[in-house]
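In case you want the letters, here they are:
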Amino acid sequence: MSENRKEYRIETKCIQSGYQPATGEPRVMPIVQSTTFKYDSGEAMGKLFALEAAGYFYTRLQNPTNDNVAAKICDLEGGVAAMLTSSGQAANFYALFNICEAGDHFVCASQVYGGTYNLFANTVKKMGIEATFVDPDADDETIHACFKENTKAVFAETIANAALTVLDIEKFARIAHAHGVPLIVDNTFPTPINCRPFEWGADIVTHSTTKYLDGHATSVGGAIVDSGNFDWDKYADKFPGLTTPDETYHGVVFTERFGKGAFITKATTVLMRDLGSIQAPMNAFLLNIGIETLHLRMARHTENALAIAKYLKNHEQVAWVHYPDLEGDRYYDLAKKYLPKGSCGVLTFGLKTDMQGTERFMDNLQLIAIVTHVADARSCVLHPASHTHRQMSDQELEEGGIKKDLIRLSVGIENVDDLIEDIEQALNKAIN
Ligand SMILES: *Cc1c(COP(=O)(O)O)cnc(C)c1O
């Protein structure tokens, strides 16, 4: 049915994509809270297990609610196939592990979310997959030099959490493709409202849906979307998991059988089957309600964040402010190119004081809470060097673009004057 639908604008897609009820069906996407699905014959069920027919049989592999929400995110990103995962961590792990195995290597931007850094630098390494981290602002030659014979992917974040570097997506896509590997982009911070990496050459997009997509801090979740653009068969010997027979499915070759759906079908039928990091249908339902207002919220998040960035920049107690949309910011030009509607609601800044003064400032905030979260409706702050990135060494912090005095402020959708007044009173108490 969706084949015949008109291509709607992104605001309409936020509300209408993914689930279209037939006559007499629920208007709101239902939660299919069922682990299993019934079949009239053993043969019909057998065909599903052999991947000879599409259908539901067990929620660990697929669930209609999850599929509807994945289809909505897929449509928002402009992809061809998508899946939900239990968390953003699972999404990034699956996206990578779907094409990398022991003995393989990948290139990763050094400025990525702390959890992603740990996953890639430590846990994935123990599985025999090695990463080379490279400064995303490095010149082409430096990035090219990171590639090896066994390199299988490039990974980066559109806007890095919490360094707020804006990725030159076209540059990274060009370099990845020159080495015959896909570019995987974590698009959590801008969301597809503010940037759609496929339009700039990225091949796979991942999300921590926990952040703006849910937007209300109710449900941890993740998503993977495939653009369908990467030609796995052209580099067949690099990606045997997709291009050679899979004995656990009687010799199915994913690219042959599923074409542009190969990447997501393999991640679902092999990785999800074996590792099982599914999103609960209840969480997918809540995520979907969040996405319905995504376009409204992102506009307000970015508008509020820019106003606060300007206020901080002019404040004499503030040492520095980093927000890509702020004129004069190091990433202003890249932000204008890739994020013309605005970047996101997160900004970072440092105060003209010591660690104690920074802590006093945060403790004195009344409306803005200290929370290990970003990117939801409520404003919150965090000091990464002592919170999320605590396990990183000073050198790792520096390489990850995290200054020791950096305060990460996730600007919510409250009235911006209330937020500024809260910051003002906390600054007065902390520094005077
Ligand atoms: C939070 C976050 C993750 C991890 O997501 P979870 O849902 O917390 O597992 C990955 N990437 C980015 C950019 C994030 O902000």
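These notes cover the structure that comes with them. Keep in mind the model is a prediction, meaning the values are calculated, not measured.

1. Thoughts on the site of the ligand
And then number 1: Lining the immediate surroundings of the ligand are 16 residues, of which G88, D186, S208, T210 and K211 lie closest.
And then number 2: In the model, an oxygen atom of the ligand is placed 2.9 Å from a nitrogen or oxygen of the G88 main chain.
And then number 3: Contact distances for the ligand include 2.7 Å between a nitrogen atom and a side-chain N or O atom of D186.
And then number 4: In the complex, the protein chains occlude 93% of the 380 Å² of accessible area that the ligand would expose alone.
And then number 5: Ranked by residue count, the leading element in the shell around the ligand is helix α4 (residues 88–97), at three residues.

2. Observations concerning the pattern of salt bridges
And then number 1: Applying the stated criterion across every chain yields a total of 14 salt bridges.
And then number 2: Measuring nitrogen to oxygen at the nearest pair gives 2.7 Å for the salt bridge that ties D274 to R273.
And then number 3: Where salt bridges share partners, they join E7, K13 and D75 into one cluster.

3. Section: the sheet that holds strand β5 (residues 183–186)
And then number 1: With respect to topology, seven strands assemble into an open sheet ordered β1-β7-β6-β5-β4-β2-β3, the strand pairing being mixed. Every other strand in the sheet has two partners, leaving β1 (81–85) and β3 (130–134) as the edge strands with one partner each. The mean angle between the axes of side-by-side strands here comes to 20 degrees, regardless of whether they run parallel or antiparallel.
And then number 2: Bridging between strand β6 (residues 204–208) and strand β7 (residues 222–226) involves five bridges; their strand directions are antiparallel. The residue of β7 that forms the bridge with I204 is D226.

4. As for the packing of aromatic side chains
And then number 1: Taken as a whole and judged by the stated rule, the model has 16 aromatic pairs.
And then number 2: Between F93 and Y94, the aromatic rings sit 6.1 Å apart at their centres with planes inclined by 70 degrees, giving edge-to-face as the arrangement. When sorted by exposure, F93 lands in the same class as Y94, which is buried.
And then number 3: Look at Y117 and F133: their rings are 4.9 Å apart centre to centre, the planes differ by 45 degrees, and that puts the pair in the tilted class.

5. Some remarks on helix α7 (residues 169–178)
Since there are 3.6 residues in each turn of an α-helix, residues three or four apart along the chain are aligned in direction.
And then number 1: Among the residues of α7, I169, K171, F172, A173, I175 and A176 are the ones counted as buried.
And then number 2: On its buried side, α7 packs onto α6 (140–144), β4 (151–157), β5 and α14 (332–338).
And then number 3: Downstream of α7 by one or two residues, G180 has phi in the positive range, about 70 degrees.

6. Considering the packing of helix α12 (residues 281–292) against helix α13 (residues 294–313)
And then number 1: The interhelical angle for the contact between α12 and α13, taken along N-to-C directions, is 60 degrees, at an axis separation of 5 Å. Between α12 and α13, the angle falls in the class oblique. Residue-level contacts link G290, I291 and E292 of α12 to L294, H295 and R297 of α13.
And then number 2: Here the residues of the contact of α12 with α13 are counted per class, giving two nonpolar, two polar and two charged.

Thresholds applied
- Residues numbered from 1 in each chain as written.
- Predicted model: local features only at pLDDT ≥ 70, side-chain atom pairs only at ≥ 80, totals over all residues.
- Heavy atoms only, no water.
- Near = heavy atom within 4 Å.
- Polar contact = N/O pair within 3.5 Å; in protein donor to acceptor, adjacent residues only side chain to side chain.
- Areas by Shrake-Rupley, 256 points an atom, 1.4 Å probe, with all protein chains shown as cover.
- Helix = DSSP H or I, 4+ residues; strand = E, 2+ residues; numbered from the N terminus.
- Salt bridge = Lys/Arg side-chain N within 4 Å of Asp/Glu carboxyl O.
- Pairing = 2+ DSSP bridges.
- Axes fitted to C-alpha atoms, helices over the stretch in contact; angles between N-to-C directions.
- Phe/Tyr/Trp six-rings, centres within 6.5 Å; stacked < 30°, edge-to-face > 60°.
- Buried < 20%, exposed > 50% of the residue type's maximum accessible area, 1.4 Å probe, protein only.
- Contact = heavy atoms within 4.5 Å.
- Parallel < 35°, antiparallel > 145°, perpendicular 65-115°, else oblique.
- Nonpolar A, V, L, I, M, F, W, Y, C, P; charged D, E, K, R; others polar.

Coordinates in, geometry out; function isn't part of it.
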